[in-house]
Structure formats: structure tokens, C-alpha cells
Amino acid sequence: VAVLPSVPENKIAAALPPSELRIDTMRASGAGGQHVNTTDSAVRVTHIPTGIVANMQEERSQHKNKAKALRLVAARVHQRRKEEELKKRSSARSSLMGGGDRSERIRTYNYPQDRITDHRGKVS
């Protein structure tokens, strides 16, 4: 089970401009008899820049399915942007930090022998 963050209704329009969305309507599949065969209540929303797709045919109303699909796409796009930002931040952080290799060592403190070794100039 994947748990996605919920995006408030007023931020969906700001996060997903209509120019970045392709909304297709189709007939739903499955049980439902004549009603399913006559109405285009299933909705597929595609976020064009990322290729994220959400199909929804749970409700009888096309408007409800469209709203659900938009919320789902907004949550997935938000999650992907968050992951990309985190990846960028972690790569910048790891490039700033050393790996702790022996070659990066500056000094060694040897207390039992009362000795300090400076590895930059190979001086003991």
C-alpha cells in the first residue's frame, strides 16, 4: 500500500496548470449494465511533463472521477518533485563531506605513546 501526501484543493490548480494536463474520458468497464454502456464516466488524467497517469472509474459521475484523478496526479507529482529535491540536496551534502578515508586524515592522536602524528607533512 502506497501512502501519498494529500494536496489541498486550492493548491491543485497552482501545482498543475491545465496546459500540462491531458484529460481523456471513456466508458467504464465492469459491472453496471446499461448505465455503464451509455455514459462516459471513466477519466484518465495524464501529466504531460512527467508522464504520470491516473485512471479513475470508481464513481458513477464523471465529475467526481475527474476530481479524484486530479487529486491523485497532484499527489504523485508533488511526491516526485519532493524526491527530486531531496536527491539533489543529499548529493550536494555528500559532495561537501568527506568519506572518512585514511587519505583524508590530518592528524592521529596516540595517547598511550604520548604522540601526535600530522599526516600532511609526515611529521611525528
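Preceding block: the structure.
All figures in this text were calculated on a predicted structure; none of them were measured in a lab.

**Q** Can you explain a nonpolar patch on the surface? Please cite residues and give values.
**A** On the surface, Tyr109, Tyr111 and Ile116 cluster together into a nonpolar patch covering about 390 Å² of accessible area. With respect to the helices and strands, tyrosine 111 occurs in the loop between β4 (107–110) and β5 (115–118).

**Q** Describe the sheet that holds strand β3 (residues 52–56), naming the residues involved and giving the relevant values.
**A** Across the sheet, three strands lie side by side as β1-β2-β3; this open sheet has antiparallel pairing. Either end of the sheet is taken by a strand with one partner, and the two such strands are β1 (21–26) and β3. The average undirected angle you get between the axes of adjacent strands in this sheet is 15°. The sheet contact formed by β1 and strand β2 (residues 42–47) spans six bridges and is antiparallel. If you follow isoleucine 23 over to β2, its bridge partner there is valine 45. Contacting β1, β2 and β3, helix α3 (residues 62–96) crosses the sheet at an angle of about 155° to β3.

**Q** Outline the pattern of salt bridges, supporting the account with residue identities and numerical values.
**A** Should the charged atoms of two oppositely charged side chains come close, the side chains can pair. Throughout the structure, instances matching the rule amount to six salt bridges. A salt bridge links glutamate 59 to lysine 68, with the nearest nitrogen and oxygen atoms 3.1 Å apart. By relative accessible area, which is 28% here, glutamate 59 ends up partly exposed. In this structure, glutamate 85 and arginine 89 form a salt bridge, with 2.9 Å as the shortest nitrogen-oxygen distance. Of this pair, glutamate 85 and arginine 89 both sit in helix α3, four residues apart, which is roughly one turn of that helix. Residue class for glutamate 85 comes out partly exposed when judged on its relative accessible area of 48%. Take arginine 89: its relative accessible area is 41%, and that puts it in the partly exposed class. Among the charged side chains, a network of salt bridges with common partners joins Arg22, Asp24 and Arg44.

Calculation notes
- Residues numbered from 1 in each chain as written.
- Predicted model: local features only at pLDDT ≥ 70, side-chain atom pairs only at ≥ 80, totals over all residues.
- Heavy atoms only, no water.
- Patch = residues over 30% accessible without salt bridge, like charges linked within 9 Å, V, L, I, M, F, W, Y side chains within 5 Å.
- Areas by Shrake-Rupley, 256 points an atom, 1.4 Å probe, with all protein chains shown as cover.
- Salt bridge = Lys/Arg side-chain N within 4 Å of Asp/Glu carboxyl O.
- Helix = DSSP H or I, 4+ residues; strand = E, 2+ residues; numbered from the N terminus.
- Pairing = 2+ DSSP bridges.
- Axes fitted to C-alpha atoms, helices over the stretch in contact; angles between N-to-C directions.
- Contact = heavy atoms within 4.5 Å.
- Buried < 20%, exposed > 50% of the residue type's maximum accessible area, 1.4 Å probe, protein only.

Functional significance is not addressed by these values, which are geometric in nature.
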